[in-house]
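Working through the structure, step by step
Chain residues, written in single-letter form:
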Amino acid sequence: MAKGYWIAFVDVTNPDVYAGYQQHAPAAFAKYGARFLVRGGEAETLEGETWQRHVVIEFESKAQALACYNSAEYQEARHKRAGACTANIVIVEGMPPA
């Protein structure tokens, strides 16, 4: 089965409020077996919009990634970041195993 990936581009506009999201989101990620591959770090935009933060999270499947995003735990965390950032989030299915 192909893995699922959560890819997020984020600009934090209110770090104090965003901290509430950062305190609550890990519970959802842990529950759904998330594995962070990229979380911030140095980036170079070659094409398209420039974002402050880049995040890539691996899940066992696209369905698992969607379940995490739609979970009560993540939606509570998401509510805590309202007004604290601009985000572009996509969930995508990875390549099938060779």
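The structure this text deals with has already been given above.
In this report, we go over the structure that sits alongside the text. (Residues numbered from 1 in each chain as written. Predicted model: local features only at pLDDT ≥ 70, side-chain atom pairs only at ≥ 80, totals over all residues. Heavy atoms only, no water.)

Observations concerning the nonpolar core
Ranked by size, the top nonpolar core spans 20 residues in total, and within it W6, Y18, Y21, F29, F59, C68 and Y74 carry the most contacts. Those elements that place two or more of their residues in this core are β1 (4-12), α1 (15-31), β3 (53-59), α2 (62-70), α3 (72-80) and β4 (85-93). If you tally residues by element for this core, the top one is α1, at five residues. Setting aside anything within four residues of it in sequence, one finds W6 in contact with F29, V55, V56, I57, F59, A65, C68, Y69, Y74, I89, V90 and I91. (Core = buried A, V, L, I, M, F, W, Y, C linked by side-chain atoms within 4.5 Å. Buried < 20%, exposed > 50% of the residue type's maximum accessible area, 1.4 Å probe, protein only. Helix = DSSP H or I, 4+ residues; strand = E, 2+ residues; numbered from the N terminus. Contact = heavy atoms within 4.5 Å.)

Brief notes about the packing of α2 against α3
One can describe the packing of α2 onto α3 by two numbers: an axis separation of 5 Å at closest approach and a directional angle of 55 degrees. Compared by their axis directions, α2 and α3 come out oblique. Across from C68, Y69 and N70 in α2, the residues of α3 making contact are A72, Y74, Q75 and R78. By residue class, the composition of the contact of α2 with α3 is four nonpolar, two polar and one charged. (Axes fitted to C-alpha atoms, helices over the stretch in contact; angles between N-to-C directions. Parallel < 35°, antiparallel > 145°, perpendicular 65-115°, else oblique. Nonpolar A, V, L, I, M, F, W, Y, C, P; charged D, E, K, R; others polar.)

Thoughts on the environment of E42
Positionally, E42 belongs in the loop between β2 (35-39) and β3. For the pair E42 and Q52, spaced ten residues apart in the sequence, the C-alpha separation amounts to 9.3 Å.

Section: the packing of α1 against α3
Running from amino to carboxyl end, α1 crosses α3 at an angle of 170 degrees, the nearest separation of the two axes being 7 Å. Relative to α3, the element α1 is oriented roughly antiparallel. Contacts between α1 and α3 involve V17, G20, Y21, H24, A25, A28, F29 and K31 on the former and, on the latter, E73, Y74, E76, A77, R78 and K80. Taken together, the residues that form the contact of α1 with α3 break down as seven nonpolar, two polar and five charged.

Quick look at the sheet that holds β3
Here we have four strands laid out as an open sheet, ordered β2-β3-β1-β4, and antiparallel in their pairing. The two strands at the open ends of the sheet, each matched to only one other strand, are β2 and β4. Geometrically, the sheet is characterised by an average inter-axis angle of 15 degrees between neighbouring strands, direction not taken into account. In the sheet, β2 pairs with β3 via four bridges, with the strands oriented antiparallel. Looking at the pairing, V38 lines up with V56 of β3. Contacting β1, β2, β3 and β4, α1 runs over the sheet at an angle of about 170 degrees to β1. Against the sheet, α2 makes contact with β1, β3 and β4, and its axis sits at roughly 150 degrees relative to β4, the strand it touches most. (Pairing = 2+ DSSP bridges.)

Worth remembering: the numbers are spatial, not functional.
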